[in-house]
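# Summary of structural features
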Amino acid sequence: MAAQVATSNALKLVRDVVRFASARGGFDAPYKKVTIVSAGQGRCVAEMVVEQEHTNSGGTLHGGLICTFTDGVTNLAQMTESGGVPGVSVDMHLSFMGAAKVGDKITIDAKTKRAGRSMTFVDVQITNCASGKLIATGSHTMTVGNNVGNFKYENSQQ
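To keep things clear, this report deals only with the structure shown in the data block. None of the values given here were measured: they were computed from a predicted structure.

### Thoughts on the overall build of the chain
- When you go through the chain residue by residue, the secondary structure sums to two helices and six strands.
- Secondary structure of the chain in N-to-C order comes out as α-β-β-α-β-β-β-β.
- For the chain, the residues scored as buried account for 45% of the 158 residues in total.
- Contacts spanning at least 24 positions in sequence make up 65% of the contacts within the chain whose residues lie at least 6 apart.
- Counting only carbon and sulfur atoms, one obtains 49% of the accessible surface of the chain, whose full area is about 8100 Å².

Here is the structure:
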């Protein structure tokens, strides 16, 4: 297993990755609206205010966007365990338990449950900041290390 990113550097690493990814546009564009609150020791916490562009036809946060944020924030959490090496999804499960409306602030809290040499397992909870109510919970399994090639985020220059 790669060395864990020091907590003092983890927040910078994660914020640099989000800035890099969101600048590319495409599926990563919604990350421009995400604020990374904390990162380190296998954990990443992000917040976002739901805007109209994030909603489905029912006026609530789109489930597909919840999946996108789950994929990204859990990967950021495991990157603080894997020395900055991104993971590749093997399996992701989500259970939707509530909704968020335009103007609601949500928290995406990802915690690495286990990080091995080639596989990492991360849990996630998405909650409404004001009420504390659970919107979704899930798990994400990723392959890391030699299985994903030589790519690694080391600084904001990449």
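So much for the structure itself; the text now carries on.
### Some remarks on the nonpolar core
- Residues I36, L61, L76, I106, I108 and I126 are the most contacted members of the largest nonpolar core, which totals 31 residues.
- Put simply, the parts of the chain that give this core at least two residues each are helix 1 (7-23), strand 1 (35-40), strand 2 (43-49), helix 2 (63-79), strand 4 (105-115), strand 5 (119-128) and strand 6 (134-143).
- Take this core: its biggest share by element is seven residues, from helix 2.
- If near-sequence neighbours (up to four positions away) are discounted, I108 is found in contact with C44, V45, A46, F69, V73, V124, Q125 and I126.

### A few points about the pairing of strand 6
- Among the ten residues that make up strand 6, seven are buried, leaving the element largely enclosed by the rest of the structure.
- The sheet contact formed by strand 3 (residues 88-96) and strand 6 spans eight bridges and is antiparallel. Pairing of S95 across the sheet is with T137, part of strand 6.
- As paired elements, strand 5 and strand 6 share nine bridges and run antiparallel to each other.

### Focus on the pattern of salt bridges
- All told, the structure shown has seven salt bridges when counted by the stated rule.
- A salt bridge links D16 to R19; the shortest N-O distance between them is 2.5 Å. Here D16 and its partner R19 are both found in helix 1, three residues apart, which amounts to about one turn of the helix.
- Accessibility expressed as a relative area gives 9% for D16, which makes it buried.
- In this structure, the salt-bridge partner of D123 is K113, at a minimum N-O distance of 3.6 Å. Of the two residues, D123 sits in strand 5 while K113 sits in strand 4, which places them ten residues apart along the sequence.
- Judged by its relative accessible area of 59%, K113 falls in the exposed class.
- Linked by salt bridges that have partners in common, K12, D16 and R19 make up one network.

### Focus: unusual backbone geometry
- Positive phi is not limited to glycine here, since Q41 has a value of about 55°.
- If you trace the backbone, Q41 turns up in the loop between strand 1 and strand 2.

### A closer look at the packing of aromatic side chains
- Summed over all chains, the structure comprises one aromatic pair.
- Both rings, one in Y31 and one in F69, keep their centres 5.2 Å apart while their planes meet at 80°; by these two values the pair is edge-to-face. Placement of Y31 in the loop between helix 1 and strand 1 and of F69 in helix 2 is noted, with a sequence separation of 38 residues between them.
- On the basis of relative accessible area, Y31 is assigned to the buried category, the value being 6%.

### Remarks on the sheet that holds strand 4
- In space, the six strands of this open sheet follow the order 1-2-4-5-6-3, with antiparallel pairing throughout. Sheet topology places strand 1 and strand 3 at the edges, where each strand pairs with a single neighbour. Averaged over all neighbouring strand pairs, the angle between strand axes comes to 15°, with direction disregarded.
- In this fold helix 2 packs onto strand 1, strand 2, strand 3, strand 4, strand 5 and strand 6, with an angle of close to 130° to the strand it touches most, strand 3.

Cut-offs used in this document
Residues numbered from 1 in each chain as written. Predicted model: local features only at pLDDT ≥ 70, side-chain atom pairs only at ≥ 80, totals over all residues. Heavy atoms only, no water. Helix = DSSP H or I, 4+ residues; strand = E, 2+ residues; numbered from the N terminus. Buried < 20%, exposed > 50% of the residue type's maximum accessible area, 1.4 Å probe, protein only. Contact = heavy atoms within 4.5 Å. Areas by Shrake-Rupley, 256 points an atom, 1.4 Å probe, with all protein chains shown as cover. Core = buried A, V, L, I, M, F, W, Y, C linked by side-chain atoms within 4.5 Å. Pairing = 2+ DSSP bridges. Salt bridge = Lys/Arg side-chain N within 4 Å of Asp/Glu carboxyl O. Phe/Tyr/Trp six-rings, centres within 6.5 Å; stacked < 30°, edge-to-face > 60°. Axes fitted to C-alpha atoms, helices over the stretch in contact; angles between N-to-C directions.

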